[in-house]
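# Fold and contact review
So you can see what is in the structure, the chains are spelled out below.
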Amino acid sequence: MRIAAVIFDVDGLMADSEPLHRAAWHELGRQCGFPTYPTDAAESLGQRVIDNFRLRHAQGRFPQDPLELLDRYHEILIKLIRERLQPKPGLIEALACVRGQGWGCAAASSGDRVYIDVVLDVLGVRSSFQAVATGDEVAEGKPDPALYLLAAARLSVAPAACVALEDSPRGVQSAKAAGMRCIAVPEGAADVSVADAVCESLFTAVDVLQRWSAEQD
């Protein structure tokens, strides 16, 4: 099917936000008295924060109520985003490519709307997106396909006509489960082998999008 839309992940893909998440986790741990950023944190890439908190609460590692922790976490994180957030290299070029092709454009993030809205505003890219789907709007987070299916529905585009841009294994699995092609721009050595293409940066992801578009003509 011809490409009709591109759907962007947010954390780690559009925005260099993973260091800010780590900093927010450290500060939350300092305030609440639990261990700071866990050694198995890499396994949580692409996961909803509330699911992470619920799992650790069930394991007895976080005694506080997960929803209370989430509110405090967002307060810390949003402050850091406003102070320090930077776009990933190639973001503006990727959005320009999508716009130039006349494709629909959406964001599908495991993050909650309360801080994803702030990210889009700080990056100055909100107007580039016709739709946004966030983790607090679906029953199951990535790797479940619900987020990507919601984003496609809000664009009124068939999932098979969408290309997802992702950085995490969970996100790639989510996009593929939704029936989309996926270009991965991974953080570190993450296993994203099920993606249709793996790129070093958003600049090279643009090259893949342009090549796929040309192959359709």
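Check the entry above for the structure.
Here goes a summary of the coordinates provided. Being a predicted model, the structure only gives us computed values, none of them experimental. (Residues numbered from 1 in each chain as written. Predicted model: local features only at pLDDT ≥ 70, side-chain atom pairs only at ≥ 80, totals over all residues. Heavy atoms only, no water.)

The next subject is unusual backbone geometry. Here the amide bond leading from Lys142 into Pro143 is cis, since omega sits at 15°, within 30 degrees of zero. Within the secondary structure, Pro143 is located in the loop between β3 (131-134) and α6 (146-155). Residues other than glycine seldom take positive phi values, yet Ser156 does so here, at roughly 60°. With respect to the element layout, Ser156 can be found in the loop between α6 and β4 (162-166). Among the residues examined, Ser156 registers a relative accessible area of 69% and is labelled exposed. (Helix = DSSP H or I, 4+ residues; strand = E, 2+ residues; numbered from the N terminus. Buried < 20%, exposed > 50% of the residue type's maximum accessible area, 1.4 Å probe, protein only.)

Before going further, it helps to examine the nonpolar core. Most often, soluble globular proteins keep nonpolar side chains buried together rather than apart. Phe8, Met14, Phe53, Phe129 and Ile183 are the most contacted members of the largest nonpolar core, which has 55 residues in total. For this core, the leading source of residues is helix α3 (residues 66-84), giving eight residues. Residues within four places of Phe53 in sequence aside, it is in contact with Trp25, Leu28, Phe62, Pro66, Leu69, Leu70 and Tyr73. Core analysis: the next-biggest nonpolar cluster, separate from the first, contains 24 residues, Ala5, Ala151, Ala152 and Ala195 among them. (Core = buried A, V, L, I, M, F, W, Y, C linked by side-chain atoms within 4.5 Å. Contact = heavy atoms within 4.5 Å.)

The next subject is the pattern of salt bridges. Summed over all chains, the structure comprises 13 salt bridges. Asp117 is the salt-bridge partner of Arg126, the closest N and O atoms lying 3.4 Å from each other. On the accessibility criterion, Arg126 (33% relative accessible area) is partly exposed. On the accessibility criterion, Asp117 (23% relative accessible area) is partly exposed. Residues Glu166 and Lys142 are paired through a salt bridge, measuring 2.6 Å at the closest nitrogen-oxygen approach. Highlighted residues: Glu166 in strand β4 and Lys142 in the loop between β3 and α6, separated in sequence by 24 residues. (Salt bridge = Lys/Arg side-chain N within 4 Å of Asp/Glu carboxyl O.)

What follows covers the packing of aromatic side chains. Scanning all chains against the criterion turns up one aromatic pair. Summarising the aromatic geometry, the rings of Phe8 and Phe129 are spaced 5.9 Å apart at their centres and angled 90° between planes, so their arrangement reads as edge-to-face. Pair noted here: Phe8 is in strand β1 (residues 5-8) and Phe129 is in the loop between α5 (113-123) and β3, with a separation of 121 residues, a long-range link. Here Phe8 matches Phe129 in class, with each residue buried. Between Arg181 and the ring centre of Trp212, over which it is positioned, the NZ or CZ distance is 5.0 Å. (Phe/Tyr/Trp six-rings, centres within 6.5 Å; stacked < 30°, edge-to-face > 60°. Lys NZ or Arg CZ within 6 Å of the ring centre and 35° of its normal.)

As a packed pair, helix α2 (residues 49-58) and α3 sit with axes 9 Å apart at the nearest point and diverge in direction by 135°. For the element pair α2 / α3, the angle class is oblique. Seen from above, α2 lies across α3 with right-handed handedness. Every residue of α3 that contacts α2 at Val49, Ile50, Phe53, Arg54 and His57 is listed here: Pro66, Leu67, Leu69, Leu70 and Tyr73. (Axes fitted to C-alpha atoms, helices over the stretch in contact; angles between N-to-C directions. Parallel < 35°, antiparallel > 145°, perpendicular 65-115°, else oblique. Left-handed = near helix turned anticlockwise from the far one by under 90°.)

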